[in-house]
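# Summary of structural features
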Amino acid sequence: MPGKNISKAAPLSPDEVTLRDELRADVQKLAGDIGERNMWHYPQLNAAADFIENSFSRAGLRPRRDTYEIRGQACHNIDAEISGANPEIILIGAHYDSVFGSPGANDNGSGVAAMLALARRFAGKAAQHTLRFVAFVNEEPPYFLSDEMGSLIYAGRCKARGDKIPVMISLETIGYFSDAPNSQKYPSPGLGIFYPKVGNFIGFVANVRSRTLLRRVIAAFRKYAKIPSEGAALPSFIPGVSWSDQRSFWRYGYPGIMVTDTAPFRYPYYHSADDTPDKLDYDRFTLVVTGMEKVIADLDKL
Ligand SMILES: [Zn+2]
């Protein structure tokens, strides 16, 4: 019901209006102009990779392609780094493929647009840590949980190189909000006792081992952000907890969290042909990204 999804968010500042325009344009590019992008729509997958690479370049960064092959076809994770004096890496990632049959505006055009906007905002600024922005390929089934998942290949290479990554943040489906009663569902009925029934918040999810990172991120987010947030460190077997690229980093012992609007537990167009750019709430999506900008700046000071 996109017509009913009228934002109750605080009015945006001029900077936030600029950010909202960037987010809207990049979601439109990925999900509207390019559209469905995956191994069955391979030219579109590569068009998305080119777009991300060009976006990094236009921000003054030097993108790198980290490539592997699936049945003779090249697949690219794409990253760009801002080096700090401290070689420990704060990694912000989002998958850029879309599930079969979906243009993937919210899942995960929203995450990629946010990742690119954050890269633009930190480019040219001095950071203490090394900030690394990554677009992952092949997150969706049948690659999800397989050895060919883009982020799993990428995290394995990080481990092999000895990269120190104390912070991994996965931006996964972050653009849909609703003020309707019972617009928020939960994977297990038990969780519904503790959590709001209205899908007007952004969620932060971690496995139990990443709970310290989760607490830091939520504390920083709540200091600045103008949108409600909820967080939980949960065993990774609970449905939804491991459903994105943070799981790949957990596999290699790195702490990681997922930022999400909870996707299937809220978004009526999840993994469907109707996951189109018009469904997103760009005002509240913007407030999530400005909050994450502050979170990254805060984490960098630690
Ligand atoms: Zn996704």
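The structure under discussion appears in the preceding block.
Residues numbered from 1 in each chain as written. Predicted model: local features only at pLDDT ≥ 70, side-chain atom pairs only at ≥ 80, totals over all residues. Heavy atoms only, no water.

## Considerations on the overall build of the chain
What the chain contains, in helices and strands, is 7 helices and 8 strands. For a compact globule of 302 residues, the expected C-alpha radius of gyration is about 19 Å, and the chain comes in at 17 Å, within 12% of that figure. Dimensions of the chain, computed from the C-alpha atoms along their principal axes, are close to 45 × 45 × 40 Å. Per-residue burial over the chain gives 59% buried out of 302 residues. Looking at the chain alone, contacts between residues at least 24 apart form 76% of all its contacts between residues at least 6 apart. In the form shown here, the chain has an accessible surface area of approximately 12,100 Å², with 55% of it arising from carbon and sulfur atoms. The positive charge centre, built from 35 side chains, and the negative charge centre, built from 34, are 6 Å apart in the chain. (Helix = DSSP H or I, 4+ residues; strand = E, 2+ residues; numbered from the N terminus. Rg over C-alpha atoms; globule rule 2.2 N^0.38 Å. Buried < 20%, exposed > 50% of the residue type's maximum accessible area, 1.4 Å probe, protein only. Contact = heavy atoms within 4.5 Å. Areas by Shrake-Rupley, 256 points an atom, 1.4 Å probe, with all protein chains shown as cover. Lys, Arg positive; Asp, Glu negative; His and termini not counted. Charge placed at Lys NZ, Arg CZ, Asp CG, Glu CD.)

## Side note on empty space enclosed by the protein
Overall, the coordinates contain 1 cavity of 30 Å³ or more when judged by the stated rule. Estimated volume of the largest cavity: approximately 40 Å³. As for the largest cavity, its lining consists of Asn38, Met39, Trp40, Asp97, Ser98, Val99, Phe100, Asn138, Glu140, Pro141 and Tyr143. The residue makeup of the lining of the largest cavity, split by class, is 6 nonpolar, 3 polar and 2 charged. (1 Å grid on protein atoms, 1.4 Å probe; cavity = no way out; pocket = protein on both sides within 12 Å on 5 of 7 lines; lining within 4 Å. Points joined across faces, edges and corners; volume = space filled by probe spheres on them. Nonpolar A, V, L, I, M, F, W, Y, C, P; charged D, E, K, R; others polar.)

## Section: the nonpolar core
Side chains of a nonpolar character, in soluble globular proteins, are inclined to be buried together. By size, the foremost hydrophobic cluster in this structure holds 74 residues, and its most contacted members are Phe56, Tyr96, Phe133, Leu171, Phe204 and Phe285. Ranked by residues supplied to this core, first place goes to helix H3 (residues 105-122) with 10 residues. Those residues in contact with phenylalanine 56 that sit more than four places away from it in its chain are Leu61, Pro63, Ile78, Asp79, Ala80, Met115, Leu116, Ala119 and Phe133. Phe136, Ala155, Cys158 and Met168 belong to the second largest nonpolar core, which has 11 residues in total. (Core = buried A, V, L, I, M, F, W, Y, C linked by side-chain atoms within 4.5 Å.)

## Some words on the pairing of strand S4 (residues 129-136)
The element S4 is largely enclosed, with a buried count of 8 among its 8 residues. In this sheet, S4 lies alongside strand S2 (residues 73-82) in antiparallel orientation, the contact comprising 5 bridges. Note on S4: the bridge partner recorded for isoleucine 82 is leucine 131. Summarising the sheet, strand S3 (residues 86-95) and S4 pair through 8 bridges and their orientation is parallel. Across the sheet, residue isoleucine 89 finds its bridge partner in S4, namely threonine 130. (Pairing = 2+ DSSP bridges.)

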